[in-house]
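Architecture and fold: a report
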Amino acid sequence: MPAVSTQDCFKHADRLNGRVVLITGAASGFGRACASTFAKHGAKLVLGDVDKKGLEVVKKEVEQAGGQACTAICDVTSWESQLALFELGMKTFKNIDIVLPNAGVSEIGRFDQRMEEEFGVAQDRPVKPNLKTLDIDLTGVLYTTRIALWYFYNDKRENPGLRAVAFTGSMSSFYGATMGVMYGAAKAGILGIMKGCIETARSIDVRMVTVAPYFVKTPLLTADFVHPNPKMGYAKLEDVIAAFVGSITNTDDKTNFTAWLIPDDKGVYRMETAGYLVGAEGARRPRASSKL
């Protein structure tokens, strides 16, 4: 699993110049940081989120970075809402080149019903789980990906140039999430989506990659979050953004359909296996690099 320096991640960042990038969950966290970074490299942004005020802030940041952006309230659990976001992007910029199905939440509710007693949920019979995490983190991503592929299929440009879908995975994509059953299932599903789309994406010359960070200090982590392994530290936001830039713009086809990991606070790593990724063992940091 080779290390990828920040310099290497940004080596081909000029490929973002003039590209139209659509991001869901753009009002905070990874989406917000990606938007301003991509704008600095000449990208045009189509930004969607349920947070109207947050979108306004990000739009200003993009413009201050010298970029252009259009925004729309977008609930990723709604097919029509996502269609409207893509249609806005097409109306504003005439095409869509790169898509980040980034909107996500942490675990909502508790799969272990014994833990729901603290929320006053009666336990005299089985209680249906709250599936909102799956609705946003998995079904929403499926919607975004399906719409993106439709636009890529129907792209009439003779030479469309760089086009990509960059998924927001997690180390939970490989290891699951303790007490986060639905979050872990959703993030494992992200790899399933990418793997399942390999032949389709290849046939229309679209890159597909997954960025999989460990815990990052973003609004996704609630105030009561307790780090399960403090010695590992937190992945750095700047490394996550570097991984998005590097994974999208890299020119080597061997890096297509790969996972770019930020497993701790020591930078970006790329899984050596492309396409049909191996499981959790392949996501381990090499022993020789464990002391970096």
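So, here's what we can say about the structure. Along each chain, the written sequence defines residue order, and numbers are assigned to residues from 1. Thresholds applied to this predicted model are a pLDDT of at least 70 for local features of residues and 80 or more for the giving and counting of side-chain atom pairs; totals over whole chains, interfaces and linings are not thresholded and use all residues. The side-chain numbers reported here are obtained from all heavy atoms of the structure, hydrogens and water having been left aside.

Below, the discussion takes up the overall build of the protein. Each helix is a run of H or I in the DSSP string that is no shorter than four residues. Each strand is a run of E no shorter than two, and both are numbered from the N terminus. In terms of regular secondary structure, the protein is built from nine helices and nine strands. Buried, partly exposed and exposed residues are distinguished by accessible area as a fraction of the type maximum, computed with a 1.4 Å probe on protein chains only: under 20%, between the cut-offs, and over 50%, respectively. Burial status across the protein gives 50% buried among its 292 residues. Note on definitions: a residue-residue contact is assigned when non-hydrogen atoms from the two residues lie within 4.5 Å. Taking the contacts inside the protein whose residues are at least 6 apart along the sequence as the reference set, 69% of them involve residues at least 24 apart. Per-residue and other accessible areas were derived by the Shrake-Rupley procedure at a 1.4 Å probe size, with only the shown protein chains allowed to occlude residues. Accessible surface computed for the protein: about 14,200 Å², of which carbon and sulfur atoms make up 51%.

Next up on the list: the nonpolar core. Put simply, buried Ala, Val, Leu, Ile, Met, Phe, Trp, Tyr and Cys residues joined by side-chain atoms within 4.5 Å make one nonpolar core. Counting residues in each nonpolar core, the largest one holds 80 residues, and the members touching the most others are F38, L45, L47 and L100. Other than its neighbours up to four places away in sequence, L100 contacts V21, L22, I23, T24, C34, F38, A166, F244 and I248.

Time to look at helix α5 (residues 132–153). In this model, α5 (22 residues) spans 30 Å end to end at C-alpha, consistent with the 32 Å of a helix rising 1.5 Å per residue. Buried within α5 are the following residues: T133, I136, D137, G140, V141, T144, T145, I147, A148, L149, Y151 and F152. An expected span of 1.5 Å times one less than the residue number is assigned to each helix.

The topology assignment puts V141 in helix α5. Given the relative accessible area of 4%, V141 is considered buried. Distance from V141 to T24, taken between C-alpha atoms, is 9.2 Å for residues 117 residues apart in sequence. Apart from residues lying up to four places away in sequence, V141 is in contact with P101, I136, F167, I190 and I193.

The next subject is helix α4 (residues 79–93). Here α4 spans 21 Å end to end across 15 residues, near enough to the 21 Å set by a 1.5 Å rise per residue. By the burial criterion, the buried members of α4 are S81, Q82, L83, L85, F86, G89 and F93. Directly after α4, the chain includes K94, whose backbone phi takes a positive value near 80 degrees.

At least two DSSP bridges between two strands are required for those strands to pair. With mixed pairing, the nine strands of this open sheet are ordered in space as β1-β9-β8-β7-β6-β5-β2-β3-β4. A single partner strand is all that each edge strand has here, and the edge strands are β1 (3–4) and β4 (68–73). Sheet analysis places strand β6 (residues 164–168) next to strand β7 (residues 207–213), joined by five bridges and oriented parallel. Note on β7: the bridge partner recorded for T168 is V211.

On to the packing of aromatic side chains. Only rings of Phe, Tyr and Trp enter the pairing, Trp through its six-membered ring, and a pair is recorded when the two centres are within 6.5 Å. The plane angle decides the type: under 30 degrees is stacked, over 60 is edge-to-face, the rest tilted. Across all of its chains, the model carries three aromatic pairs by this definition. Ring centres of F86 and Y151 lie 5.6 Å apart, and the angle between their planes is 10 degrees; this geometry places the pair in the stacked category. On the criterion of sequence distance, the pair formed by F86 in helix α4 and Y151 in helix α5 is long-range, its members being 65 residues apart. Plain terms: the ring middles of W150 and Y151 are 5.0 Å apart, the flat faces sit at 85 degrees to each other, and that makes the pair edge-to-face.

Here we come to the packing of α4 against α5. Axis definition: a line fit to C-alpha positions, over the contact stretch in the case of helices; interaxial angles, taken between N-to-C directions, run 0 to 180 degrees. Relative to each other, α4 and α5 sit at 40 degrees, their axes nearing to 10 Å. For the crossing formed where α4 meets α5, the hand is right-handed. Contacts from W79, Q82, L83, F86, E87 and M90 of α4 reach α5 at G140, Y143, T144, R146, I147, A148 and Y151. Looking at the contact of α4 with α5 residue by residue, the classes come out as eight nonpolar, three polar and two charged. The hand of a helix crossing depends on one turn: near helix anticlockwise from the far one by less than a right angle means left-handed, and clockwise means right-handed. Basically, the charged four are Asp, Glu, Lys and Arg, the nonpolar ten are Ala, Val, Leu, Ile, Met, Phe, Trp, Tyr, Cys and Pro, and anything else, Gly included, counts as polar.

For this analysis, a salt bridge means a side-chain nitrogen from Lys or Arg found within 4 Å of a carboxyl oxygen belonging to Asp or Glu. The full count for this structure, using the stated rule, is seven salt bridges. Where R157 meets D97, a salt bridge forms, and the shortest distance between an N and an O atom there is 2.7 Å. With R157 in the loop between α5 and β6 and D97 in the loop between α4 and β5 (98–100), this residue pair connects regions lying 60 residues apart in the sequence. Relative accessible area serves as the criterion here: at 0%, D97 is assigned to the buried category. Overlapping salt bridges, with partners in common, bring together R19, D97, D155, R157 and R163 in one network.

The next point concerns the pairing of β6. Extensive coverage of β6 is indicated by the burial of five of its five residues. Taking every second residue as pointing to the same face, both faces of β6 are buried, with A164, A166 and T168 on one and V165 and F167 on the other.

Helices that pack against each other are described as a pair by the angle of their axes relative to one another and the distance between those axes. Running from N to C, helix α2 (residues 29–40) and helix α3 (residues 52–64) point in directions that differ by 20 degrees, and their axes come no closer than 8 Å. By the angle between their directions, the pair α2 and α3 is classed as roughly parallel. The two elements α2 and α3 cross, and the hand of that crossing is right-handed. Mapping the contact onto sequence places R32, A35, S36 and A39 in α2 and V57, V58, E61 and V62 in α3. Grouping the constituent residues of the contact of α2 with α3 by class yields five nonpolar, one polar and two charged. Just so you know how the angles are binned, under 35 degrees is roughly parallel, over 145 roughly antiparallel, 65 to 115 roughly perpendicular, and the rest oblique.

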